[in-house]
Amino acid sequence: MLAPAISPSLMCADIFKLREIIDAFEANGIEYLHIDVMDGQFVPNFCLGTDYCRRLKAGASIPLDIHLMVTEPEEKLKAFPFGPGDFVSVHFESASDVTGALNAVRERGAGAFLAINPNTPVEAVKPFLPLLEGVLLMTVYPGFAGQKMTDGSLERITALRKLLDEAGRPDCRIEVDGNVNYEKAPLMRKAGADIFVVGTSSVLGPGDIDENIRRMRGLLAQS
Ligand code: DX5
Ligand code: ZN
């Protein structure tokens, strides 16, 4: 089983405390920074952009985990700064040219992830497996923080892990994104997830951030 990693969703971070939040992430060995990019077309919301990513790369040592919730990602990803060590998720449902978008990510040395919405069958990832470092399995419909996990999400994680293992890809990562709270994270871990996007439901919710991270780490280590 792949070691668990935490990827805090920066759209949930208090912008007035961002420097201290990033410092806490670095002090606690947080593995990735989850950057939700929304263009108001693929999802009915707007969110973090290219300049935000550029400043993060300049001011933080943690690799980026860029979640593109955009139409034509094969075009729009050109504007973003990413490279080796980072990874970029392209939505199966959004790309006119999924393969082209995934290859464009790989050509820059970053990891390519395919994101699938709750209503997309996990089997949709099969044709893309040779290109993928991971799958971003959405446990909410993308676009807004603070939602509840969609029914059947745990079963989907289990089914996806089984599909990947049977396809000879036990190395392929499963990232979960949406309502990853202290009660559900261990269940998601048991089902086969290994990268956890944490937002308002846990690490970037109420309480001391160092304590929240320690609590999440402890729960993921036990499962
Ligand atoms: C949903 C976002 C997430 C996540 C935020 O589009 O991608 O980052 O839902 O975390 P929660 O769900 O805990 O507020
Ligand atoms: Zn996300």
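Shown above is the structure to which this text applies.
Residues numbered from 1 in each chain as written. Chains lettered and ligands numbered in written order. Predicted model: local features only at pLDDT ≥ 70, side-chain atom pairs only at ≥ 80, totals over all residues. Heavy atoms only, no water.

*Asks:* Looking at this structure, how should I read the coordination of the zinc ion (ligand 2)?
*Replies:* Octahedral metals with six donors have ideal donor angles of 90 or 180 degrees. Tetrahedral metals with four donors have an ideal donor angle of 109.5 degrees. Taken together, the protein ligands of the zinc ion (ligand 2) are H34 (NE2), D36 (OD), H67 (ND1) and D177 (OD), with distances of 2.0 to 2.2 Å. Written as a sequence motif, the donor arrangement for the zinc ion (ligand 2) is H-x1-D-x30-H-x109-D. With H34 in strand β2 (residues 33–38) and D177 in strand β7 (residues 173–177), this pair connects stretches of sequence that are 143 residues apart. (Donors = N, O, S within 2.8 Å, 3.2 Å for Na, K, Ca; no water. Helix = DSSP H or I, 4+ residues; strand = E, 2+ residues; numbered from the N terminus.)

*Asks:* Sorry if this is basic, but what is going on with the sheet that holds strand β8 (residues 195–198) here?
*Replies:* Adjacent strands of a sheet form backbone hydrogen bonds with each other and so pair up, either parallel or antiparallel. Reading across from one edge, β1-β8-β7-β6-β5-β4-β3-β2 is the order of the eight strands in this open sheet, with parallel pairing throughout. Looking along the sheet, the strands with just one partner apiece sit at the ends: β1 (5–8) and β2. When strand polarity is set aside, the average angle formed by the axes of neighbouring strands in this sheet is 25 degrees. Pairing analysis gives six bridges linking β2 to strand β3 (residues 64–69), with the strands arranged parallel. Residue pairing for β3: L33 is matched across the bridge by L64. (Pairing = 2+ DSSP bridges. Axes fitted to C-alpha atoms, helices over the stretch in contact; angles between N-to-C directions.)

*Asks:* Before we go on, may I ask you to explain the environment of R54 in this structure?
*Replies:* The residue R54 is located in helix α2 (residues 50–59) in this model. Sequence separation between R54 and P81 is 27 residues; the distance between their C-alpha atoms is 6.1 Å. For R54, the contacting residues outside a window of four places in its chain are A79 and P81. (Contact = heavy atoms within 4.5 Å.)

*Asks:* Just to check I follow, could you spell out the site of ligand 1 for this structure?
*Replies:* Neighbouring ligand 1 are 17 residues, the closest being S9, D36, G146, T200 and S201. One of the backbone N or O atoms of G143 is found 2.9 Å from an oxygen atom in ligand 1. Between an oxygen atom of ligand 1 and a main-chain N or O atom of G146, the distance comes to 2.8 Å. Cavity membership is defined here by more than half of the atoms lying within 2 Å of grid points; on that basis ligand 1 lies in the largest cavity. Residue classes in the shell around ligand 1 are distributed as six nonpolar, nine polar and two charged. (Near = heavy atom within 4 Å. Polar contact = N/O pair within 3.5 Å; in protein donor to acceptor, adjacent residues only side chain to side chain. 1 Å grid on protein atoms, 1.4 Å probe; cavity = no way out; pocket = protein on both sides within 12 Å on 5 of 7 lines; lining within 4 Å. Sits in = over half its atoms within 2 Å of the grid points. Nonpolar A, V, L, I, M, F, W, Y, C, P; charged D, E, K, R; others polar.)

*Asks:* Would you mind going over the nonpolar core with me for this structure?
*Replies:* Across soluble globular proteins, nonpolar side chains show a tendency to be buried alongside one another. In this structure, L10, F25, L33, I35, I66, L102 and M216 are the most contacted members of the largest nonpolar core, which totals 68 residues. Not counting chain neighbours up to four residues away, the residues in contact with L102 comprise V90, A112, F113, L114, F128, L131 and L132. Within the second largest apolar cluster, five residues are counted, among which are A5, Y32, F113 and I195. (Core = buried A, V, L, I, M, F, W, Y, C linked by side-chain atoms within 4.5 Å. Buried < 20%, exposed > 50% of the residue type's maximum accessible area, 1.4 Å probe, protein only.)

On their own, these measurements won't tell you what the molecule is for.
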